[in-house]
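Residue strings, one per chain:
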Amino acid sequence: MKRILQIAVIVVLTVFFLWLFLRNANLRDVGAILRSASFGWVAIGFVVNAGALLLRTIRWRIILDPDDPPPFFATFFANTVGYMLSIILPIRAADVARPALLARRTSHRFSGALGTVLTERVLDLTSILGLFVIFAFRRWNEFSHDPEIAAWFYIVRAGAIASAVLLAALFSLMIGLMFFRGAIRRLHETLGRLLPERFRASWMHFFDSFTETLKITQNARVFLTVILLTVGVWMCLTSQFWFATMAVHHPLPFDSSFFVTGVTTVGLAIPTPGGIGGFHKACQLVLTRFYKFSIDSSVAVAVLFHLIGTLPVLITGIVLFAREGLHWKDVRPKE
């Protein structure tokens, strides 16, 4: 009954947000816009999306072990299949599937690899928040001159301030872990006592693995490499939106990608398969409210943006999943 209710909620949310997204659109006109789109820009978007996946793989190998990283293909395989699962499932499956798949193909333990996933999440969250803050402060006064936009931009300003505060909190946490690791570990151990006994060892190993990855900050070369790779990843991911606008012959300033990526990340948090509906409505809201796109144009751009951001990973992940003859049980932790 619980599973049936979960599926029912997911279906209702998906249908509701798709209805919000498409309710005033003329699908025939949307189709015409998509048919007239420049395939060249879409193809560039696909290549850049694949580039982001490669950069993520290189970065993860370094974070896992800068001195003796796991084999490239095993890491690429775990990354690709994990992200593919996040596209088709209404959960953040990649966070668990990636370390589970890596642990089955290398000597890295699941809990240790899971700790590095948290490190990646911190880097990615910092990037998203930082880019959003850069956009908001860069355009702080620009949108205030249009009465139709000004009221909405107050919300953006509030979000930018909250993002800046959260960034400060993240940096404080990282500094605390580097200088007061013992005290924070004892707190983590105290919290672990609330878990069933069989999970406590993994809980502590997860914490130790996460804090162990912070040692990359002590090696300037390795740390700089990770930072540059993270910048590369997010330049690839954010530029996908810009390529979508170029494809439909309605270009926007490049920093609009920072804005849209930040907002659509919120849409992806809605538990629908691959963010369908929530992602598209969030993108449409920015395009129609701030950049005065028509409903039909906003639908076309949101659909293209989503396809560019998911299709390369989806196809590659399915091919690898089938080629290896995997089953769903193979993406579960083995420890």
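One can find the structure itself at the top, above this paragraph.
Definitions and limits used
Residues numbered from 1 in each chain as written. Predicted model: local features only at pLDDT ≥ 70, side-chain atom pairs only at ≥ 80, totals over all residues. Heavy atoms only, no water. Helix = DSSP H or I, 4+ residues; strand = E, 2+ residues; numbered from the N terminus. Rg over C-alpha atoms; globule rule 2.2 N^0.38 Å. Buried < 20%, exposed > 50% of the residue type's maximum accessible area, 1.4 Å probe, protein only. Patch = residues over 30% accessible without salt bridge, like charges linked within 9 Å, V, L, I, M, F, W, Y side chains within 5 Å. Areas by Shrake-Rupley, 256 points an atom, 1.4 Å probe, with all protein chains shown as cover. Salt bridge = Lys/Arg side-chain N within 4 Å of Asp/Glu carboxyl O. Contact = heavy atoms within 4.5 Å. Expected span 1.5 Å × (residues − 1). Core = buried A, V, L, I, M, F, W, Y, C linked by side-chain atoms within 4.5 Å. Phe/Tyr/Trp six-rings, centres within 6.5 Å; stacked < 30°, edge-to-face > 60°. Lys NZ or Arg CZ within 6 Å of the ring centre and 35° of its normal. Axes fitted to C-alpha atoms, helices over the stretch in contact; angles between N-to-C directions. Parallel < 35°, antiparallel > 145°, perpendicular 65-115°, else oblique. Left-handed = near helix turned anticlockwise from the far one by under 90°. Polar contact = N/O pair within 3.5 Å; in protein donor to acceptor, adjacent residues only side chain to side chain.

Engineer: For this particular structure, what's the right way to read the overall build of the protein chain?
Structural biologist: Summing up its helical and strand segments, the protein chain has 13 helices and zero strands in all. The N-to-C order of helical and strand elements in the protein chain reads α-α-α-α-α-α-α-α-α-α-α-α-α. For 335 residues, the compact-globule estimate of 2.2 N^0.38 gives 20 Å, and the C-alpha radius of gyration of the protein chain, at 21 Å, lies within 12% of that figure. Projecting the C-alpha coordinates of the protein chain onto the three principal axes gives extents of approximately 55 × 45 × 45 Å. Out of the 335 residues in the protein chain, the part that is buried amounts to 48%.

Engineer: I keep staring at a nonpolar patch on the surface and nothing clicks. Help me out?
Structural biologist: On the surface, F223, I227, V231, M235 and F254 cluster together to form a nonpolar patch covering roughly 370 Å² of accessible area. With respect to the element layout, F254 can be found in the loop between α10 (220–247) and α11 (256–268). For F254, a relative accessible area of 33% puts it in the partly exposed group.

Engineer: Mind showing me how you'd approach the side chain of E120 here?
Structural biologist: Structurally, E120 is set in helix α6 (residues 110–138). Not counting residues within four places of it along the chain, the set of residues in contact with E120 comprises R56, R59, W60, I63 and R98.

Engineer: Would you mind going over unusual backbone geometry with me for this structure?
Structural biologist: Backbone geometry follows two general trends: most residues other than glycine have a negative phi, and most peptide bonds adopt the trans configuration. Phi angles above zero are rare outside glycine, and H249 is one such case at about 65°. With respect to the secondary-structure elements, H249 resides in the loop between α10 and α11. H249 gets classed as exposed once you look at its relative accessible area, which sits at 54%. The phi angle at K292 is positive, at roughly 55°, despite the residue not being glycine. Considering the arrangement of structural elements, one finds K292 in the loop between α12 (278–290) and α13 (295–323). For K292, a relative accessible area of 52% puts it in the exposed group.

Engineer: What am I meant to see in helix α4 (residues 72–88) here?
Structural biologist: An α-helix turns once per 3.6 residues; consequently, residues spaced three or four apart project the same way. The end-to-end C-alpha separation of α4 is 25 Å, in line with the 24 Å expected for 17 residues at 1.5 Å each. With 14 of 17 residues buried, α4 lies mostly within the body of the structure.

Engineer: Please clarify how the nonpolar core should be interpreted in this entry.
Structural biologist: A general trend in soluble globular proteins is that nonpolar side chains are found buried together. In terms of nonpolar packing, the biggest core is built from 44 residues, with F241, F259, F290 and Y291 touching the most fellow members. Among the elements of the structure, α3 (39–64), α6, α7 (147–179), α10, α11, α12 and α13 are those that each provide at least two residues to this core. With sequence-adjacent residues up to four places away left out, F259 is seen in contact with F132, F135, V156, V286, F290 and Y291. Membership of the second largest hydrophobic core comes to 20 residues, among which are F77, A78, L314 and L320.

Engineer: Please explain the packing of aromatic side chains as it appears in this structure.
Structural biologist: Two descriptors summarise a pair of aromatic rings, namely the distance from one centre to the other and the angle between the planes of the rings. Within this structure, the stated rule accounts for 14 aromatic pairs. Centre to centre, the rings of F135 and F259 are 4.6 Å apart; their planes meet at 15°, and the pair counts as stacked. On the criterion of sequence distance, the pair formed by F135 in helix α6 and F259 in helix α11 is long-range, its members being 124 residues apart. Residue classification places F135 among the buried residues on the basis of a relative accessible area of 0%. Ring-pair connections join several aromatic residues into one group, and the members of that group are W41, W242, F243, F254 and F258. Above the plane of the ring of W19 lies R23, whose end atom (NZ or CZ) is 5.3 Å from the centre. Over the face of the ring belonging to W60 we find R98, whose NZ or CZ atom lies 4.3 Å from the ring centre.

Engineer: Is there a simple way to explain the packing of α3 against α10 in this structure?
Structural biologist: To describe two helices that pack against each other, one gives the angle between their axes and the distance between the axes. In the contact formed by α3 and α10, the axes pass within 9 Å of each other and the chain directions differ by 160°. It follows that α3 is roughly antiparallel to α10 by the angle criterion. Regarding α3 and α10, the two cross each other, and that crossing is left-handed.

Engineer: It is not clear to me how the pattern of salt bridges should be interpreted in this structure. Could you clarify?
Structural biologist: Opposite charge on two side chains lets them pair, provided their charged atoms get close. Considering all chains together, one arrives at six salt bridges under this definition. Where R56 meets D124, a salt bridge forms, and the shortest distance between an N and an O atom there is 3.5 Å. A residue pair is termed long-range when its members are at least 10 positions apart, and R56 in helix α3 and D124 in helix α6 qualify at 68 residues. There is no split in this pair, since R56 and D124 are both buried. The shortest N-O distance in the salt bridge between R59 and D124 comes to 3.1 Å. On the criterion of sequence distance, the pair formed by R59 in helix α3 and D124 in helix α6 is long-range, its members being 65 residues apart.

Engineer: Which parts of the structure should I look at to understand α11?
Structural biologist: Taking 1.5 Å per residue, 13 residues should reach 18 Å; α11 reaches 18 Å between its end C-alpha atoms and fits that length. All buried positions along α11 are accounted for by S256, S257, F258, F259, V260, T261, G262, T264 and G267. Taken together, the buried residues of α11 touch α6, α7, α10, α12 and α13.

Engineer: Please explain the side chain of T264 as it appears in this structure.
Structural biologist: Position of T264 among the secondary structure elements: in helix α11. A distance of 3.1 Å separates the side chain of T264 from the backbone oxygen of T261, its partner in a polar contact.

Such coordinate-based values are descriptive only and should not be taken to indicate function.
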